[in-house]
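# Coordinate inspection notes
Here is how the chains run, residue by residue.
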Amino acid sequence: MEFLTPTSMQEALEAKSAHPDAKPILGGTDVMVELNFDRCRPATLLDLTRIPELAEWGRDNGSIKLGAGVSYTRVIAELADQLPGLAMASRTVGSPQIRNRGTVGGNLGAASPAGDSHPALLAADAEIELRSVNGLRRLPATEFYTGVKRHAGRDDELITAVHITPPSGPQQFCKIGTRNAMVISVSAFSIALHPDRSEVRTGIGSAAPTPRRAVDAETWLAAALEANGLWESRGALPEGLAREFAGLVAAAASPIDDVRGTAAYRLHSLSVMARRSLGWVWNDYASGQEH
Amino acid sequence: MTTTPQTRPDKAAVKGADRTDVTPGGVGDSPSRPDGILKVTGEFSYSSDMWLDDMLWGYTLRSPHPFALIKSIDISEALATAGVFAVLTSEDVPGENFYGLEHADQPVLAKDIVRYQGEPIALVAADHPEIARRAAEKITVEFVVLAPVVDAEVAIGHKPWNPPAESVDAGVDGQVPHLHPNGNLVRHLKLRRGEQDATADVVITGEYEVGMQDQAFLGPESGLAVPDEEGGVDLYVATQWLHVDQRQVCAALGLPPEQVRLTLAGVGGAFGGREDLSMHVHGCMLALRTGKPIKMVYNRLESFFGHVHRHPAKLYYEYGAERSGKLVYARVRMYLDGGAYASSTPAVVGNAGTMGLGPYVIPHVTVDAYGTYSNNPPCGAMRGFGSVQTAFAYEAQMDKLAAELGLDPVAIRQMNALEEGAQVPTGQVIDSAAPVVELLERLKAMPLPSTESDQLDLRRMPGGVSNTTHGEGVKRGVGYAVAYKNVAFSEGFDDYSTARVRLEVSGGDPIVTVHTAAAEVGQGLVTIEQQICRTELGVDSVVVHPKDTSVGSGGSTSASRQTYMTGGAVRHVCGKVRDRVLVLAEASLGRTVSDLRLENGSVVSRSEGVLASIEQVLGDEVVEETDEWRHRPTHGLDPETGQGFAHVQFAFAAHRAVVDVDVELGLVKVVELACAQDVGKAMNPQAVVGQIQGGSAQGMGLALMEEIVIRDGKILNPSFTDYLIPTILDTPPMPIEVLEYADPNAPYGLRGVGEAPTISSGPAIMSAIRAATGLDLTRAPVRPEHITRT
């Protein structure tokens, strides 16, 4: 196995171009498990930990640019105010050791339907930055996930950053696991209110072949809020609204039975999380807390 | 985690030792472990850390099928791989190709047939572990896959039972293949006491199920086999009983014990999972074939296939009671799925059958306990050994009875509790403390944790930081359960331990060397051995000799028995050493002194004070004694009635669990897990509390999350990603009260500690969840969908 250690972005992109089958590795919390259990044996590993800009985050035209190599620990410590949903999701990832090593970029690279950051990225309307020697493109998260453990990045591209506009409203993330920490999600849900554009966004995890939004639920809820003048009044949600929203969220999922949980429980738990988390974001919004 | 270890000398220690008279570092003190600093700093050498420069790596090819015929095995391509030194199959087993703890029914390497997924078929030795693994992939095995037998009741031709019928005992249904020559029944224990047709005012029935738990020890199976120049081998291995391993390895290798020497390597946890052989014979075969040291280390995936698990159980219970709550009769049928090979299934059935009604007086008893073969993974020993499974059933029955009669669950347990002098269902009279009533009383008296919380702290919520509730749907429940466990080996087993103790002067100071073969698996026996030597010989400096087979058997590190048994042996042999030292002392004094003892490094007379230092008395003399020590004999059970003096000692513990359940999502947060346990004598109070905490957590794991999920004989979750064990965030504060009612038959009055807390913690949690949800919840572990019913 060849182990490439580029020290600059340009070197890394050239390496990926020269070795399209190279497996990028950052924290190794996913790739090393795959290697150790012989689930994948790439001819080339492309170590991205020596590229300084991947491990940075900053402001970029009003949005946050989160380098693909920023650890979950840093997201929690440094970005909880600006990316609350993603920070909440990061807090549920693995153990402290895993959070020290693991990265949002790695989560995107693995593109597992159970990846913890995906629902929060979807709800926040994140854009994924993909780069190659030929240039840079930004893909909405909704277009990024293409199948079980597959994404829209091309063989010559690296996932280099995530761009997220700081929220204009509150966000929440919840995840079901059968123990109280360090657990792969049975189902997950994220919600973000975007009052600046009178929109709602959601993200569903572990309940479909890919992370996905509950688009009908979002549209329905935004319309209901609009119709009742609630974006302006910030008044109490009408009776039954959260429940109807929850039903639409569950309807957007297409889960399976597996060793971690049944499809029926996944649907049920999604609807409970949707109902509760809508209550939480609305309470925050109603009480004037932006997030 | 806040823990409140408490001893109650005011009441409980009346029969115990005088605490003011504790030798520093001796019995009753809590000295540091000799391996403690090494372990917490990561310097301790575990069995997987061993290394020799010229060693090879062994690898095991395992069956992908739970049940299949082997038509052919072609090793030629594997053997031709560069770096490969040997490829072995069943044809290369030098001695008997069968081993086993109670029945030698398990092949060293499968021949003609495989009976479980993961059964070893061939071995490879290579100069790199990856080469060995890849070479094993090149072995071609031609299988004829068969439909596996995956249900214990079906395996022995039984239909789910209700009501009991003797006739179903007849034998195996012709439809089900016999997995072994004598059929699929490993043991049927019958317990018959009192009237078999008793009736009662109130009848409570229940069907309960317990999933397959894994020991989940952190140090995977591993060892190093080093060939000598004379056809023998030295095996360094993590195990629980060196001598029973030695016996089986010798049989498989066709070598006498002198040529198969075992030394205990650093053990990273055991919990019963190391009672059976793993890499032992395999490593030795490869070492003898190649003439080179062989290292074998299972990874976590392989480990799930490399050791036995806790028997899953199906339990049918019917209790009759008076309207007062007094139990009248019990009719019970239990099925323990032993999987492909017997391992310790007969003894597990013995425990489940004789202990399976819990610490309660029931005059009329009918119990049928069955252990079966199937094509599921082999099951054998795990902490609590048959008692864990049945406790889920008998405590659920007690709760159900209390609910039916509108009685308090604690009161109904106390009303029926065993006490000293009572007869257990095997007819044995309990002849030392059985403080079931008091254990429950003490738990009930402990303050309940607050339900108030000023600020939302997700870590205190069901679901934790996964942020699924801010209080919505959360209901609190409280539940109680009592553990009842036999200590040491039962049913007439010749259970003994051997100790060698040497006292000599080295560098001007007396030093004791204690040598036993009793395995230290993390529980702290090495500390206990030192403590006993300090107390008995008055010498501070005690060296624990490496554990090996150059001294006699220490028996198994299991059944809560080592402090009792090897502790008893060390004390016994210390007495012999002390007697010889005192003879020497009297010789050097030139007179007889009636009240001599060893204390603080000196020979002391109660009347005359210090007479001489031990080094003065000993000079160059080395005093060494070796002897075996036995607990009082037990007897087998009557095969028709199950009556007999089968058990040495009974241990009792009780738990009170307080849980918060998110009833909408089915998620559980254990708020507090309080325990009261009678330990007879707290030999090392800190270690006792550690055992109670660890056992409580392990029992909690079985109630809430730990299960090897099997479908069609195959394990679906052989990893710590999906086999979940409790984390620190799942583990609640554990207020602990330790009682010390001395057992007059046991050394220092002690009672085995390790297993009892594992038995009652899970059922107490299940009881608390039932209280919170109002649901029956008859299956452990309880899954969220059992609570949400989705």
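Refer to the structure presented above.
Okay, so let's go over this structure.

Calculation rules
Residues numbered from 1 in each chain as written. Chains lettered and ligands numbered in written order. Predicted model: local features only at pLDDT ≥ 70, side-chain atom pairs only at ≥ 80, totals over all residues. Heavy atoms only, no water. Helix = DSSP H or I, 4+ residues; strand = E, 2+ residues; numbered from the N terminus. Rg over C-alpha atoms; globule rule 2.2 N^0.38 Å. Contact = heavy atoms within 4.5 Å. Areas by Shrake-Rupley, 256 points an atom, 1.4 Å probe, with all protein chains shown as cover. Core = buried A, V, L, I, M, F, W, Y, C linked by side-chain atoms within 4.5 Å. Buried < 20%, exposed > 50% of the residue type's maximum accessible area, 1.4 Å probe, protein only. Pairing = 2+ DSSP bridges. 1 Å grid on protein atoms, 1.4 Å probe; cavity = no way out; pocket = protein on both sides within 12 Å on 5 of 7 lines; lining within 4 Å. Points joined across faces, edges and corners; volume = space filled by probe spheres on them. Nonpolar A, V, L, I, M, F, W, Y, C, P; charged D, E, K, R; others polar. Axes fitted to C-alpha atoms, helices over the stretch in contact; angles between N-to-C directions. Parallel < 35°, antiparallel > 145°, perpendicular 65-115°, else oblique. Left-handed = near helix turned anticlockwise from the far one by under 90°. Phe/Tyr/Trp six-rings, centres within 6.5 Å; stacked < 30°, edge-to-face > 60°.

All right, on to the overall build of chain B then. Of the regular secondary structure elements, chain B holds 17 helices and 34 strands. Relative to its length of 790 residues, chain B is compact, with a C-alpha radius of gyration of 27 Å against a globular reference of 28 Å. Expressed along its principal axes, the backbone C-alpha trace of chain B runs to roughly 80 × 75 × 60 Å. Long-range contacts, defined here as pairs at least 24 residues apart, represent 80% of the contacts in chain B between residues at least 6 apart. Element-wise, carbon and sulfur atoms account for 51% of the exposed surface of chain B, whose accessible area totals about 27,700 Å².

What follows deals with the nonpolar core. Residues and elements named next belong to chain B. Core analysis: the biggest nonpolar cluster contains 146 residues, and Tyr317, Tyr319, Leu357, Phe652, Leu704, Ile765 and Ile769 have the highest contact counts within it. With near-sequence residues (within four places) excluded, Ile765 lies in contact with Ala657, Val659, Val670, Leu673, Met700, Ala703 and Leu704. By size, the runner-up hydrophobic cluster in this structure holds 39 residues, among which are Val233, Cys250, Ala270 and Cys284.

With that settled, consider the pairing of strand 17 (residues 313-321) of chain B. All names here are of chain B. Taken across its 9 residues, strand 17 has 8 buried, putting it largely inside the fold. Relative to strand 17, strand 11 (residues 202-210) runs antiparallel, the two being bridged by 9 bridges. Residue pairing in the sheet places Val203 in a bridge with Gly320 of strand 17. Bridge count for strand 17 against strand 18 (residues 327-337) is 9 bridges, and the pairing is antiparallel. The residue of strand 18 that forms the bridge with Ala321 is Leu327. Here strand 17 folds back onto strand 18, and the loop between the two strands holds 5 residues, one of which, Gly325, carries a positive phi near 105°.

Attention now goes to the layout of surface pockets. By volume, the second largest pocket is sized at about 940 Å³. Tyr59, Arg133, Asn299, Leu301 and Glu302 of chain B are the residues nearest the centre of the second largest pocket, which is lined by 28 residues in total. Elements represented by at least two residues in the lining of the second largest pocket include exactly helix 2 (31-36) of chain A together with strand 2 (56-62), helix 3 (129-137), strand 15 (294-297) and helix 7 (300-306) of chain B. Among the elements that line the lining of the second largest pocket, the one with the most residues is strand 2 of chain B, at 6 residues. The residue makeup of the lining of the second largest pocket, split by class, is 13 nonpolar, 8 polar and 7 charged.

The next subject is the packing of helix 9 (residues 215-227) of chain A against helix 11 (residues 241-251) of chain A. Residue and element names in this part refer to chain A. Direction vectors running N to C along helix 9 and helix 11 enclose 160°, while the axes themselves pass 8 Å from each other. By the criterion of interaxial angle, the relationship of helix 9 to helix 11 is roughly antiparallel. Helix-helix and strand crossings are classified by hand; for helix 9 and helix 11 the assignment is right-handed. Contact residues: Asp216, Ala217, Glu218, Trp220, Leu221 and Ala224 in helix 9; Leu241, Glu244, Phe245, Leu248 and Val249 in helix 11. Among the residues making up the contact of helix 9 with helix 11, the classes are represented as 8 nonpolar, no polar and 3 charged.

Here we take up the packing of aromatic side chains. Applying the stated criterion across every chain, the model contains 21 aromatic pairs over all chains. Consider the rings of Phe189 of chain A and Phe245 of chain A, whose centres lie 6.3 Å apart with planes at 65°: the pair is edge-to-face. Placement of Phe189 of chain A in strand 12 (residues 187-194) and of Phe245 of chain A in helix 11 is noted, with a sequence separation of 56 residues between them. Phe245 of chain A shares its class with Phe189 of chain A; the two are buried. Judged by centre distance (5.9 Å) and plane angle (85°), the ring pair of Phe304 of chain B and Phe720 of chain B falls under edge-to-face. On the criterion of sequence distance, the pair formed by Phe304 of chain B in helix 7 and Phe720 of chain B in the loop between strand 32 (714-715) and strand 33 (734-739) is long-range, its members being 416 residues apart. By relative accessible area, Phe304 of chain B is classed as buried at 1%.

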